[in-house]
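In case you want the letters, here they are:
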Amino acid sequence: MMNLTQLVLASHNAGKLKELQAMLGESVQLRSIGEFSQVEPEETGLSFVENAILKARNAARISGLPALADDSGLAVDFLGGAPGIYSARYADGQGDAANNAKLLDALKDVPEAERGAQFVCVLALVRHADDPLPILCEGLWHGRILHAASGEHGFGYDPLFWVPERNVSSAELSPADKNQISHRARAMALLRQRLGLK
Ligand SMILES: O=P(O)(O)OP(=O)(O)OP(=O)(O)OC[C@H]1O[C@@H](n2cnc3c(O)ncnc32)[C@H](O)[C@@H]1O
Ligand SMILES: [Mg+2]
């Protein structure tokens, strides 16, 4: 179908690169789009799917390689699904710590039973910039938002995301464990199937 020994990852997020490369193993080498350009495309889509496709096309255009994009985020029930596709920009671009502080504040007096949330991941793979048939795979991960940060692993909202099936925060999971059960792991398992890998 396509030469999959090398793919460019359409992401400037080092945490995603690490997780996705670990999931793919050695048969596929992921090259960061950062090798080709430091300019991040504007994420103008209204859905994870649209933003993933937009990022993948942009990276394929810049690199000349097939491109994989990951658009992900945290959808909090009490906030009607926010921050959702705006998760990275929740605190106006001030970064992970500010995003987490804003989320804790928004849920300050919200009781346990109403703190449900899900991580969402959409992976988009395009063979070239104008690919009319991108491969799309999604994964969800259900959990709850903690009252305080806990754990040192992972990135982003991991310290605030309680994982019911393990009784720890997702930042307390080992990287290998997170990569077995996360939203990204589920999306990647589907992608591997679609590509006939493994
Ligand atoms: O767009 P790229 O360059 O890939 O990098 P990004 O960090 O901007 O990525 P997104 O636009 O997809 O935004 C995802 C947001 O959701 C958060 N997020 C996604 N997956 C996560 C995970 O596994 N653990 C913790 N936070 C996660 C992440 O920290 C960002 O704030
Ligand atoms: Mg982004």
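Within each chain, residue numbers correspond to sequence positions counted from 1 in written order. Written order determines the labels here, with chains lettered from A and ligands numbered from 1. pLDDT decides what is reported in this predicted model: residues at 70 or higher carry local features, side-chain atom pairs at 80 or more are listed and counted, and totals for whole chains, interfaces and linings draw on all residues regardless. The side-chain values count all of the structure's non-hydrogen atoms but skip hydrogen atoms and water molecules.

Thoughts on the UniProt feature "binding site: Mg(2+)" (unreviewed entry) in the chain
Next, step 1: Feature annotation in UniProt assigns "binding site: Mg(2+)" (unreviewed entry) to the following positions: E42 and D71. In summary, the annotated positions, though distributed over 30 residues, converge in three dimensions, the widest C-alpha pair being only 12.5 Å.
Next, step 2: The topology assignment puts E42 in the loop between β2 (29-32) and α2 (48-63).
Next, step 3: Only protein chains enter the accessibility calculation, which uses a 1.4 Å probe; a residue whose area is less than 20% of its type maximum is buried, one above 50% is exposed, and one in between is partly exposed. E42 gets classed as exposed once you look at its relative accessible area, which sits at 65%.
Next, step 4: Within the local environment of D71, its side chain forms a polar contact with the side chain of K55, the two groups lying 2.8 Å apart. UniProt positions are given in the numbering used here, feature names are shortened, and annotations may be inferred rather than shown by experiment. Note on conventions: DSSP H or I runs of at least 4 residues are helices, E runs of at least 2 residues are strands, and numbering of each starts at the N terminus. Within 3.5 Å is the distance limit for a polar contact, defined as a pair of N or O atoms, with the added protein rule that one can donate a hydrogen and the other accept it, and that residues adjacent in sequence qualify only through two side-chain atoms.

Let's talk about the site of ligand 1
Next, step 1: The environment of ligand 1 is formed by 21 residues, the closest being S11, K16, K55, D158 and K178.
Next, step 2: A distance of 2.7 Å separates an oxygen atom of ligand 1 from a polar side-chain atom of S11.
Next, step 3: At 3.2 Å from a nitrogen atom of ligand 1 is found a side-chain nitrogen or oxygen belonging to H183.
Next, step 4: Contact with the protein chains removes 94% of the 610 Å² of surface that ligand 1 exposes when unbound.
Next, step 5: Elements that contribute at least two residues to the shell around ligand 1 include exactly β3 (67-76) and α5 (183-195).
Next, step 6: In terms of residue count, β3 provides more of the shell around ligand 1 than any other element does, 4 residues in total.
Next, step 7: Gly falls in the polar group here, along with every residue not listed as nonpolar (Ala, Val, Leu, Ile, Met, Phe, Trp, Tyr, Cys, Pro) or charged (Asp, Glu, Lys, Arg). Of the residues contributing to the shell around ligand 1, the split by class is 4 nonpolar, 8 polar and 9 charged. Residues are counted as near a molecule or strand when any one of their heavy atoms sits within 4 Å of it. Accessible surface is estimated by sampling points in the Shrake-Rupley manner with a 1.4 Å probe; for residues, cover comes only from the protein chains shown.

Some thoughts on the pairing of strand β5 (residues 135-145)
Next, step 1: Any two strands between which DSSP finds at least two bridges are classified as paired. In the sheet, strand β4 (residues 116-126) pairs with β5 via 10 bridges, with the strands oriented antiparallel. By the bridge assignment, F119 is partnered in β5 with W141.
Next, step 2: As judged from the 2 bridges shared by β5 and strand β6 (residues 161-163), these two strands associate in the antiparallel manner. Looking across to β6, one finds that I145 is bridged to F161.

Overview of the packing of helix α1 (residues 14-24) against α5
Next, step 1: The axes are straight lines fitted to the C-alpha atoms, using for helices just the contacting stretch, and the angles between their N-to-C directions are given from 0 to 180°. Look at α1 against α5: their axes get within 11 Å of each other, and the N-to-C directions meet at 45°. With respect to their mutual orientation, α1 and α5 come out oblique. The way α1 lies across α5 gives a crossing that is right-handed. Packed against α1, whose contacting residues are K16, E19, L20, M23 and L24, the element α5 presents R184, A185, M188 and R192 at the interface.
Next, step 2: In terms of residue class, the contact of α1 with α5 is made up of 5 nonpolar, no polar and 4 charged. The labels follow the angle: roughly parallel below 35 degrees, roughly antiparallel above 145, roughly perpendicular from 65 to 115, and oblique for the rest. The handedness criterion is simple: a crossing whose near helix is rotated anticlockwise from the far helix by less than a right angle is left-handed, and one whose near helix is rotated clockwise is right-handed. Residues count as neighbours in contact if any of their non-hydrogen atoms are within 4.5 Å of one another.

Observations concerning the packing of aromatic side chains
Next, step 1: Two rings belonging to Phe, Tyr or Trp (six-membered ring only in the last case) form a pair when the distance between their centres is within 6.5 Å. Interplanar angles under 30 degrees mark stacking, angles over 60 mark edge-to-face geometry, and anything in between is tilted. A complete count under the given rule lists 3 aromatic pairs for this structure.
Next, step 2: Where F119 meets F161, the ring centres are 4.4 Å apart and the plane angle is 45°; that geometry is what we call tilted. You can see F119 sitting in strand β4 and its partner F161 sitting in strand β6, a full 42 residues away along the chain.
Next, step 3: When the centroid spacing of 5.1 Å and the interplanar angle of 50° are considered together, the rings of W141 and F161 count as tilted. Of the two residues, W141 is situated in strand β5 and F161 in strand β6; the sequence distance between them amounts to 20 residues. F161 matches W141 in its accessibility class, with the two residues each being buried.

Some thoughts on the nonpolar core
Next, step 1: Working definition of a nonpolar core: buried Ala, Val, Leu, Ile, Met, Phe, Trp, Tyr and Cys residues. They are joined through side-chain atoms within 4.5 Å. L68, L123, M188 and L191 are the most contacted members of the largest nonpolar core, which has 19 residues in total.
Next, step 2: Mapped onto this core, the elements with two or more residues apiece are β1 (6-9), α1, β4, β5 and α5.
Next, step 3: For this core, the element with the most residues is α5, which contributes 5 residues.
Next, step 4: Discounting chain neighbours no more than four positions away, the residues touching L123 are L20, L68, A69, D70, I135, L136, C137, A187, M188 and L191.
Next, step 5: Grouped together as the second largest cluster of nonpolar side chains are 18 residues, L65, I85, V122 and V126 included.

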